[in-house]
Amino acid sequence: MGPNRVIPTAIYGVFWPITRHMWGSLPANCVSPTNIGDMARRPVSHPGVKCQFCGSAEMRKYGRNLSGTQKYQCRKCGRKTTPNSKSIAHSPQIRQSALRLVAEGMSQRKAARILQVSGQSVGRWVKKYVDSLPAQPPKPATSEVTELDELHTFVRSKKTNVI
Ligand SMILES: [Zn+2]
């Protein structure tokens, strides 16, 4: 317990009123209460995490993205980086299922709920699918009409033959 003992910032911050009372003044190697807030937010180094914009290694954790990957914020430029971010795209199967459900008449919101995706995603897929469709619906195949005509003629001729 020499005079150069470093008091951890967090502990010092919490016990500041007591220590001030006990010691009367701040020890030389301790931060002043005015920048305790700053010190508490001091970046701990995250190995391998660097700002992709300015290259600074002073990063702090900044929540997680939808896929659960840790996000970081640069302490220098304030921009956010998500290293090793996993794709948050939904599988083609999920997308296909959503389109099928909506095509069967289910509401987009209900389809989203069943597939546990966001309604926005389903809306986007449906729009994309609709946009991919040709502007004009394909004309009914004429061959089918001809076949029906032929069938009709055939049945009629048979009838007349019977009579
Ligand atoms: Zn930066």
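What you see is a predicted model, and the numbers here were worked out from it, not measured in a lab. (Residues numbered from 1 in each chain as written. Predicted model: local features only at pLDDT ≥ 70, side-chain atom pairs only at ≥ 80, totals over all residues.)

## Considering the packing of helix 5 (residues 108-115) against helix 6 (residues 119-132)
Consideration 1: It is at 8 Å that the axes of helix 5 and helix 6 come closest, and there the two elements cross at 120 degrees. By the angle between their axes, helix 5 is oblique relative to helix 6. Considering the relative orientation of helix 5 and helix 6, their crossing is right-handed. Where helix 5 abuts helix 6, its residues Gln108, Arg109, Ala111 and Ala112 lie against Gly119, Ser121, Val122, Gly123 and Val126. (Axes fitted to C-alpha atoms, helices over the stretch in contact; angles between N-to-C directions. Helix = DSSP H or I, 4+ residues; strand = E, 2+ residues; numbered from the N terminus. Parallel < 35°, antiparallel > 145°, perpendicular 65-115°, else oblique. Left-handed = near helix turned anticlockwise from the far one by under 90°. Contact = placed C-beta atoms within 7 Å.)

## Here we look at the sheet that holds strand 1 (residues 59-64)
Consideration 1: Strand order in this open sheet of three strands is 1-2-3, and the pairing throughout is antiparallel. The open sheet is flanked by strand 1 and strand 3 (80-81), the only strands paired with a single partner.
Consideration 2: Where strand 1 meets strand 2 (residues 70-74), four bridges bridge the pair, whose relative direction is antiparallel. For Met59, the partnering residue across the bridge sits in strand 2 and is Cys74. (Pairing = 2+ DSSP bridges.)

## Some points on the confidence of the model for the protein chain
Consideration 1: Per-chain confidence: the protein chain averages 74 in pLDDT, with 56% of residues scoring 70 or above.
Consideration 2: Ranking the elements of the protein chain by mean pLDDT puts helix 3 (residues 36-40) last, at 50, and helix 5 first, at 94. (pLDDT = per-residue confidence, 0-100.)

## A few points about the pairing of strand 2
Consideration 1: Between strand 1 and strand 2, which pair antiparallel and follow one another directly, the connecting turn spans five residues, one of which, Gly68, has a positive phi of 90 degrees.
Consideration 2: Inspection of the sheet shows strand 2 paired to strand 3 by two bridges, in the antiparallel sense. Across the sheet, residue Gln73 finds its bridge partner in strand 3, namely Lys80.
Consideration 3: The hairpin turn running from strand 2 into strand 3, its antiparallel successor, is five residues long, and Gly78 in that turn takes a positive phi close to 80 degrees.

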